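Report on the structure
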Number of protein chains: 4
Amino acid sequence: MIKNIAVLTSGTDNPGMNAAIRAVTRTALFEKAKVWGVQDGFYGLISDKITLLDSIAVSDKIQRGGTFLGTSFCPEFETMQGRKKAFENIKKHSIDGMVVIGGDGTMKGAKLFSDEYDFPIVGIPATIENDIWGTDYTVGCDTAANTIVQALNKLRDTASSHRRVIVVEVAGRRYGWLPLAAGIAGGAEYVLIPEVKTDLKKLVENLKKRHAAAKTYSLIVVADGCSDISTIGKTIAEETKLDTRISVLDLILHGGAPTVNDRVRASQLGEKAALALLSGLYNIVFGYNKNDIVTINLNDAVNNKKTVDEEYIRIAQILAQ
Amino acid sequence: MIKNIAVLTSGTDNPGMNAAIRAVTRTALFEKAKVWGVQDGFYGLISDKITLLDSIAVSDKIQRGGTFLGTSFCPEFETMQGRKKAFENIKKHSIDGMVVIGGDGTMKGAKLFSDEYDFPIVGIPATIENDIWGTDYTVGCDTAANTIVQALNKLRDTASSHRRVIVVEVAGRRYGWLPLAAGIAGGAEYVLIPEVKTDLKKLVENLKKRHAAAKTYSLIVVADGCSDISTIGKTIAEETKLDTRISVLDLILHGGAPTVNDRVRASQLGEKAALALLSGLYNIVFGYNKNDIVTINLNDAVNNKKTVDEEYIRIAQILAQ
Amino acid sequence: MIKNIAVLTSGTDNPGMNAAIRAVTRTALFEKAKVWGVQDGFYGLISDKITLLDSIAVSDKIQRGGTFLGTSFCPEFETMQGRKKAFENIKKHSIDGMVVIGGDGTMKGAKLFSDEYDFPIVGIPATIENDIWGTDYTVGCDTAANTIVQALNKLRDTASSHRRVIVVEVAGRRYGWLPLAAGIAGGAEYVLIPEVKTDLKKLVENLKKRHAAAKTYSLIVVADGCSDISTIGKTIAEETKLDTRISVLDLILHGGAPTVNDRVRASQLGEKAALALLSGLYNIVFGYNKNDIVTINLNDAVNNKKTVDEEYIRIAQILAQ
Amino acid sequence: MIKNIAVLTSGTDNPGMNAAIRAVTRTALFEKAKVWGVQDGFYGLISDKITLLDSIAVSDKIQRGGTFLGTSFCPEFETMQGRKKAFENIKKHSIDGMVVIGGDGTMKGAKLFSDEYDFPIVGIPATIENDIWGTDYTVGCDTAANTIVQALNKLRDTASSHRRVIVVEVAGRRYGWLPLAAGIAGGAEYVLIPEVKTDLKKLVENLKKRHAAAKTYSLIVVADGCSDISTIGKTIAEETKLDTRISVLDLILHGGAPTVNDRVRASQLGEKAALALLSGLYNIVFGYNKNDIVTINLNDAVNNKKTVDEEYIRIAQILAQ
C-alpha cells in the first residue's frame, strides 16, 4: 500500500503548478500519507534534493505564479544512468509513488522511468499551450490566455491610435488552442495557427479591403508554430503599405498569479492524483473531458497528437467580421 | 422564416454581456438577418428604444464590462399592459424573434412574454452567481470569481500583517458556487454558503485551535444568502478574542473587463443563440453541461433550483487544512 | 556611534512598507551596521520579538503588499510600563537607534518613547491617507489611489449600464487627498471631502440637471470623514428619484502589490532614514516636499494638521463639467 | 485675444494623452473658448481632419490608453509645403492657438511651425521615456514603469522557478529613467542604461559570485539604448554557464489604462496649458520641476539633453545587494 509519495514539477513553469502541489500535499496528508517535495524536477531526484512537506510548507502558495519546488529540463534523466541515480534516491527515502506535474516532455520522461523501474506514477498535465492529448485542459492555459488578452488590450490602444496592423506572436508550436482562445477573446481580426495553412496572399487582400473600408486597425495573433513573424510582418507592410508592427509575447506568458479557473482545476487534479496514487491507481494522467475529470493512459497521453476544435476556428472567423 | 431579430440585456449587468451581444449581432449579420438592439432591457421594448445594429456598432466592445445596450429592472414589463406595449413596438419593427440575455428574473419575464404572444425567444444565461438551472455556466461568473480572488489577495496582505480574521461577503443568495469557487481559488480558510447550515460555534472552535497553533490569520468567505455578516463578525470577535474585521464586496463584482473564459463562452452562446433562433429553434436557453453547449427548456430553466457540487464543498474543506 | 539599529512597522499596514524595510536593511548592511527586525510593531518591542535581518531576509519582498514584519495597534505601548519593557528589550540587544514606519499614531508613540528614554528614532511616514504634516507623500498612498481608480472603472461599467448614481466611500477621515486624487483620476462627477462642507441640496440639484441633460450616470467619491454614506445615498435617491447605490471600499485599500511610485519612494525614504540614523541625525521624519526629500521635526509632524491642495479641489470641479 | 484653440497628439501614443486632451478641452470650454480636435497629429492639420469638441466628446476617455484623437509620425509636416497646408487649414477654422501633446520630435515640429508662422503653441510633454529636458515628468512614464514592473513580477516567477538569468529590454534610448525606475521598483539585480558604460565583464563576474552564493536567479533590465540585448544574453550565457534568457517589452509599454499619477498630472498639465494659451502665454512647454508645475521655453526643451538622477543609479546598486 502506497503511503509515502513524492511530488515534482518539470519542464517549463506554468501558473497553477503551486496550486497542484498544494492539493497533492494536503490531500495526501489528510489521508495520513507522507509527502516528499522534489526540487528542480527530475534533476532533484538525481541529486537527492528531496525534503518532507507539511501543511505549512504549501501555505500562502496558491496565489503565486511559477513553482516553489523549482523546475528544470534535465538531459541527465534521459540517460539510463541518470534514471538509475534517481531510483536509488527514491529507494533511500522509501518513496513508493510519485505525482509528476508538467508537459509533454515531462510525461515522456515519467513514462520511461515508470516502465523501467515498474514505479507508480500519476501525471498532472501542466502547459500553457494546452497540448496534451486526451484532456481539454492543462494547468496554466487559462492564465496564459488571460495574460495575452491583457496584452492585446494594451496593443489595441496603440494600434487604434496609430491606425496600425500589429502582429503578435504567442506560444502554440504544436497546437493552436492558446492563440485561438486569446484571439477570440481579444477580438483579434485574424488568428494564424499551425493547424490551418496560412494564406498570406489572401490575408493581405483582406487587410487591404478592411482598411479601405471603415476598419482603422487590425490585430493579428500568430502561433509560434507558424511561419516566421518577421516575414509575416514584412510581407504585410510591403504589400498593404499599412503601418505594420510586430511584437513577441514570450516568457511573461509563463508567470503571473494564476486565474480562478487554473487554481480550482489544478486543485481538483492534484486532489484526484493524490487519491488515485494512494489507492493504487497509477500510470495515468488526470485531465478534463468536457468538464468531467477523466484519466488518460500515460502511454496514450504521450503517443497521440491533439487536434484543434473546429468550432473555435469557425467562431474566430465569423466574429471578426 | 425568422430574418429580423432583436437582442437585449436585462436585470443586473454582468461582465461578458457585450461579448454575447456582439456574437449574436455578427452571427445574424453573417446569416443575412437584420439585428435590432433594444436599450435598457424590457423597458426599451416598452418605450421603443430600438435601433438597428451593424457590425461596427459592436466593434471595440468585447473587452468592456457592463452592457453597452444598457439594462434595467422593469416592473412595467410584469404588467399585461406593459407587455402589450412591448409587443406593439416589436410588431412595428417587424421583429420576429428575440435573444434575451440575463438572469433568473429576466428568463421569467421572457417566458411570460413568449407564452402570451407566442413569440420566439432564445435565452442566454448571464449572472455572476451562476444560479440558472440546467447549465454549469452563466456569463459573468468567471470574471466575478477572479475579481473576488484579486480582492482576497489584497485582504490576505492585510490579514497576515495584522494576524487578523477577515470575513468577506460576496454574492450567493440562492446558490453557493461563486463563494465556493473564489474561496477554493483564494485559499480561504472557510467558505459559508446557503446550502450548508453554518455552525458558528464549531467555526469559532476551529478558529481558536488554528490560531493557537501555527496559523496567524484566516480569511472567511460568506455568501450573502447566509446569516448577517455583522453578526458573524461580532460573534467571532467576541468568542475568539481575535482581531476580526468584515468587508463587503458588492457592486464591483458586476463590472470590469471580462476574462477570456467569459468572453469565449459568451461568444459561443451568442453564436448558438442567433443560429438557433434564425433556424426556427426557440423557447430555449443555451448553456453548458460539462463543457458541451446544451439547450434547456425555458420552462425548466425558470422552474428548477440548482444544487451545489458536493466535490467543491469537500475540496474547499480538505485544502484549507 | 550608532551601528546597531532596529526597524519596525506599526498601525495599519500600507503597500510599500516592505520596500521601506528592505531599503533600511540593505542600506544599513551596506554601511556595515547590524539590523534588527521587530515583529508586530511596538508590541514586538515589549514582548521581545526581535531578530537579526540579513540581506536574504528582505529578498523577494519589495513586490508584496502588507508588511512581512507584521504590525499592530499596541495600547500597552501607550503606558509607561509598556514602554519600559520595550526599552529593556532594546538594551538587551544593544540596539542604539530605530527606524519607525507608520502613520500619525505611530509617530506620536515614537515621539513619546524617544523623549522618555532619549532614544534615537527616525520616522518614515506610511499611510494611504497621506495625512502626515510636512510631507507631500506618505508610503502607500499611490497604490491606494490606483486601487480606488480600478474599482471606479468597474463601478462605471455598472453605473453606465444601469444609468445609476453610485456613491463610493473611501478613506479620508482627516484629510481629503486620497478621495480627491482618485476622484480626479477616476473621472468622478463629485468628490466630497472633510475640508469642504457638503452642500447636499446643491448636489441634488446638480445631479437632477445633469441627468435631465445628456449625462446618464454619475460617480460620487466620498471621504469617510464626511457625513454618513447611507444618509447621502438615501437623500440622493429620494430627492432625485434616480437609481442610486452605495459601495464602501475599505480593507482592500490597504493591501495589494505596491505601485512603482510607492516602491521607489519607500526605497528612497528607507535609504535616507538608515543613513541619517547611522550618521547621528535623528528625531526626524523623512518626507517629500515638492519631490525633494526633506526632514521634518518629529514634534512638528505630530502636532500639525495638513491642509488640502486648493488646486486639486478646483481641477476636480472644472474637469467634471 | 485667443478664443479658438486646437489640440492634437503626435508621435508615439502614451497613456494619459486622453486625460490631457480632456483637461485642455474642458478647461477651455469652462473659459468660454472653442476647442478643435485635430485627428492623427500634424497629418490631420495638413489634411483638414479637424472637428469641434464639446464636453461629451471627451467623456468616458480619461481611463483609456492611447489617444482617441489618433496620432502619427508625419514626414510631410517636416516640409515647408506641408506646414503651409497646415497653416491654411488653421486659418480656415480661425484657430488662433494650439496645444500640442507629444515627445521630443513633436516639440521640434511645433517649434518650427510656431517660428515660421508666428503661431501661438503650448506644449505638453508626453513620452514613456521621460526624456524631455526641463521637466521631471512626462505624460505616460508612470504607467509604462508600472507595466514593466508587472511584467517583471511575471518574469520573476519564471526566473526563480528555473534559477535563470532573465535579461529584459525596455525603452530608454536617450535617457535611462524608465529602466532605472522600473528596475529599482521591480527589484532587478542590475540595470543597464545608456548613461553608464556597461562593463559586461564585471557584470559576468558579479553574476558568477551571486549565483555561487545564495542567489538563485537574476533579473537584468536593459535600456534599448545600450548594446544589443542578444549579444548581452549570449555573452552572459556563455561566460557564466547559467540558464540565461532574453525578453523584449516593446509595444505593450505604450498602451494600457493610465495610472492615477499619469491621469492627475496629465490633467493638471492640460489645464495649465489651456489657461496659459487663453491668457496669451505661449511658445512654452508645461512640465514639473520637483512636483511644481513649471514652464520651459520651447526652444530650450528642444535643444537640451536631460541627464539622469545620480541618486537613482546609486540606490539601484545598493538595494540590489
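Residues numbered from 1 in each chain as written. Chains lettered and ligands numbered in written order. Predicted model: local features only at pLDDT ≥ 70, side-chain atom pairs only at ≥ 80, totals over all residues. Heavy atoms only, no water.

**Regarding the relation of the copies chain C and chain D**
The cut-off we apply is this: Alignment of the copies relies on least squares applied to C-alpha atoms, considering only residues that score at least 70 for pLDDT in both. In this analysis, two residues are considered to be in contact whenever any of their non-hydrogen atoms come within 4.5 Å of each other.
Note on the identical chains: chain C maps onto chain D by a rotation of 180° and an axial translation of 0.0 Å, with an RMSD of 0.0 Å. On the angle and the small slide along the axis, the relation comes out as a two-fold axis. A share of 100% of interface residues in chain C that are also interface residues in chain D marks the association as one of identical surfaces.

**Digging into the domain arrangement of chain A**
Residues and elements named next belong to chain A. What counts here: Domains are outlined according to an automatic or database domain assignment. When two parts are put together, the accessible area they lose, computed with a 1.4 Å probe and summed over both, is reported as buried area. Whenever a carboxyl oxygen of Asp or Glu lies within 4 Å of a side-chain nitrogen of Lys or Arg, that contact is scored as a salt bridge. Classification convention: Asp, Glu, Lys, Arg as charged; Ala, Val, Leu, Ile, Met, Phe, Trp, Tyr, Cys, Pro as nonpolar; all other residues, Gly among them, as polar.
Domain boundaries assigned for chain A yield domain 1 (4-140 + 258-303) and domain 2 (142-254). Taking only C-alpha atoms into account, the centre of domain 1 sits 34 Å from that of domain 2. Opposite the 14 residues of domain 1 that make contact, domain 2 presents 13 residues. Across the domain 1/domain 2 interface, buried area totals approximately 1,200 Å², and carbon plus sulfur atoms make up 50% of it. Summed over the three residues of domain 1 that lose the most area to domain 2, namely Ile128, Glu129 and Asn130, the buried surface amounts to 46% of that side. Here domain 1 is connected to domain 2 by two salt bridges. Across the pair Arg174 and Asp104 runs a salt bridge, and its minimum N-O distance is 3.7 Å. Tallied by class, residues from the side of domain 1 that touches domain 2 come to three nonpolar, six polar and five charged.

**Quick look at helix 9 (residues 260-278) of chain C**
Residue and element names in this part refer to chain C. Rule in force here: By the criteria applied, helices consist of DSSP H or I runs no shorter than four residues and strands consist of E runs no shorter than two, each listed in order from the N terminus. Between the first and last residue of a helix there are one fewer steps than residues, each counted as 1.5 Å, and that sum is the expected span. Buried means the residue's accessible area, taken with a 1.4 Å probe over protein chains only, is under 20% of the maximum for its type, while exposed means over 50%, and partly exposed covers the values in between.
Look at helix 9: 27 Å from first C-alpha to last across 19 residues, which is about the 27 Å you get at 1.5 Å a residue. The buried fraction of helix 9 is high, at 18 of 19 residues. One or two positions beyond helix 9, positive phi appears at Gly280, with a value near 85°.

**A look at helix 11 (residues 310-319) of chain D**
Residues separated by three or four positions in an α-helix point in the same direction, a consequence of the helix having 3.6 residues per turn. So the rule is basically this: Whenever a nitrogen or oxygen atom comes within 3.5 Å of another N or O atom, the pair is scored as a polar contact, on the condition that within protein one atom can donate a hydrogen and the other can accept it, and that pairs from neighbouring residues in sequence are kept only if both atoms are in side chains.
Along helix 11 of chain D, the residues that are buried comprise Tyr312, Ile313, Ile315, Ala316, Ile318 and Leu319 of chain D. On its buried face, helix 11 of chain D sits against helix 1 (17-30) and helix 9 of chain C together with helix 6 (177-186) of chain D. A distance of 3.0 Å separates the backbone nitrogen of Glu311 of chain D from a side-chain oxygen at the start of helix 11 of chain D, and that oxygen is part of Asp309 of chain D.

**Some words on the packing of helix 3 (residues 80-92) of chain A against helix 4 (residues 104-117) of chain A**
Residues and elements named next belong to chain A. The following threshold applies: Interaxial angle, 0 to 180 degrees, is taken between N-to-C directions of lines fitted to C-alpha atoms, where a helix line uses only the stretch in contact. Comment on the angle field: the value is read as roughly parallel under 35 degrees, roughly antiparallel over 145, roughly perpendicular from 65 to 115, and oblique elsewhere. We call a crossing left-handed when the near helix sits turned anticlockwise from the far one by less than a right angle, and right-handed when that turn is clockwise.
The contact between helix 3 and helix 4 brings their axes to 11 Å, and the two run at 70°. Taken together, the axes of helix 3 and helix 4 are roughly perpendicular relative to one another. When you trace helix 3 past helix 4, the crossing you get is right-handed. Contacts from Met80, Arg83, Lys84, Ala86, Phe87 and Ile90 in helix 3 reach Leu112, Phe113, Glu116 and Tyr117 in helix 4. Of the residues that constitute the contact of helix 3 with helix 4, the class distribution is seven nonpolar, no polar and three charged.

**Quick notes on the pattern of salt bridges**
Taken as a whole, this structure holds 76 salt bridges over all chains when the rule is applied. Of the charged contacts, one joins Lys111 of chain D and Asp115 of chain D as a salt bridge, the two residues approaching to 2.6 Å between their closest N and O atoms. Of this pair, Lys111 of chain D and Asp115 of chain D both sit in helix 4 (residues 104-117), separated by four residues, roughly a single helical turn. Connected through salt bridges with shared partners, the residues Asp104, Lys108, Asp131 and Arg174 of chain A form a single ionic network.

**Re the relation of the copies chain A and chain D**
It takes a turn of 180° to lay chain A on chain D, together with a shift of 0.0 Å along the axis; the resulting RMSD is 0.0 Å. Of all interface residues in chain A, 100% are interface residues in chain D too; the two copies therefore contact each other through one and the same surface.

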